[in-house]
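Structural overview
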Amino acid sequence: MGAKVVDGWLEQVSRCPSPNCNERPRPQDISLLVIHNISLPPGEFGGDDISALFCNELDCAKHASYDSLRGVQVSAHLLIDRQGALTQFVAFDARAWHAGVSSFEERDNCNDFSIGIELEGTDDQSYTDAQYQALIEVTESLQHSYPAISTDRIVGHCDIAPGRKTDPGPSFDWQRYLGGLRQQGAEQ
């Protein structure tokens, strides 16, 4: 298992607190993990624009594609960059604004009961080995701290917002990720 979760935060992980969160209606009801992807500008990696977006500090004049992001208030709990480095924006016990209009098992408003993890990437570019390793380790830590997040309650953004969202996309290797969870679980 990777880092421990203490008071809703992963230990020894970079923090960049986002204002784009609020209290969950039922904090004890964390039972879904949602995998996303993001790149800013689209298809480009590195830099601080994702953090700036999640903290309402993005200079929307910096790139033509950012015009549609003016006034947008979004966040995720956690970002895993291309090198596998983690940045946490919202405590897991709080509601991050990552899922938008969404539904899982006939229950709307997935932000109420889910944790959102962003992978720096796109639907059509392979994710890195470091990202898979970090995601597997983080998932193990989350499942330990929030046991209602069973493997069958790990989904893509596309699964809870079909027709509206496509991430993490066809380039995400679900078999590799979920297989890694079972392998690590067997080793513990």
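Rules and cut-offs
Residues numbered from 1 in each chain as written. Predicted model: local features only at pLDDT ≥ 70, side-chain atom pairs only at ≥ 80, totals over all residues. Heavy atoms only, no water. Pairing = 2+ DSSP bridges. Helix = DSSP H or I, 4+ residues; strand = E, 2+ residues; numbered from the N terminus. Contact = heavy atoms within 4.5 Å. Axes fitted to C-alpha atoms, helices over the stretch in contact; angles between N-to-C directions. Phe/Tyr/Trp six-rings, centres within 6.5 Å; stacked < 30°, edge-to-face > 60°. Buried < 20%, exposed > 50% of the residue type's maximum accessible area, 1.4 Å probe, protein only. Lys NZ or Arg CZ within 6 Å of the ring centre and 35° of its normal. Polar contact = N/O pair within 3.5 Å; in protein donor to acceptor, adjacent residues only side chain to side chain.

**Re the sheet that holds strand E5 (residues 32–38)**
Overall, mixed pairing links the six strands, which are arranged E3-E7-E6-E11-E5-E12 in an open sheet. The open sheet has two edge strands, strand E3 (14–15) and strand E12 (154–156), and neither has a second partner. Bridging between strand E6 (residues 78–80) and strand E7 (residues 86–88) involves three bridges; their strand directions are antiparallel. Considered in E7, the bridge of Leu79 is made with Thr87. Each of E5, E6, E7, strand E11 (114–120) and E12 touches helix H2 (residues 129–145); the most contacted strand, E11, lies at about 170° to it.

**Describing the packing of aromatic side chains**
Applying the stated rule across the entire model yields eight aromatic pairs. An angle of 80° between the planes, with centres 5.6 Å apart, marks the rings of Tyr127 and Phe172 as edge-to-face. One end of the pair, Tyr127, is in the loop between E11 and H2; the other, Phe172, is in the loop between helix H3 (157–160) and helix H4 (174–187), and 45 residues separate them in sequence. You'll find Tyr127 and Phe172 in the same group, each marked buried. Where Phe172 meets Trp174, the ring centres are 4.7 Å apart and the plane angle is 80°; that geometry is what we call edge-to-face. Judged by relative accessible area, which is 4%, Phe172 ranks as buried. Feature note: the residues Tyr127, Tyr132, Phe172, Trp174 and Tyr177 constitute an aromatic cluster, connected by ring pairs. The ring of Phe45 has Arg82 sitting right over it, with the charged end atom 4.2 Å from the ring centre. In this structure, Arg107 packs its charged tip against the face of Phe113, placed 4.0 Å from the ring centre.

**Some thoughts on the environment of Arg70**
Within the fold, Arg70 resides in the loop between helix H1 (49–54) and E6. What Arg70 contacts, discounting residues up to four positions off in sequence, is Cys60 and Ala61. Only 2.6 Å separates the side chain of Arg70 from the side chain of Asp67, close enough to count as a polar contact.

**With respect to unusual backbone geometry**
Here the bond from Leu40 into Pro41 is cis, since omega is -10°, no more than 30 degrees from zero. Residue placement: Pro41 occurs in the loop between E5 and H1. In this structure, the amide linkage connecting Asp167 to the following residue, Pro168, adopts the cis form with an omega of 15°. Structurally, Pro168 is set in the loop between H3 and H4. Look at Asp7: it is not a glycine, yet its phi comes out positive at around 55°. Mapped onto the secondary structure, Asp7 falls in the loop between strand E1 (5–6) and strand E2 (9–10). Since its relative accessible area comes to 69%, Asp7 is described here as exposed.

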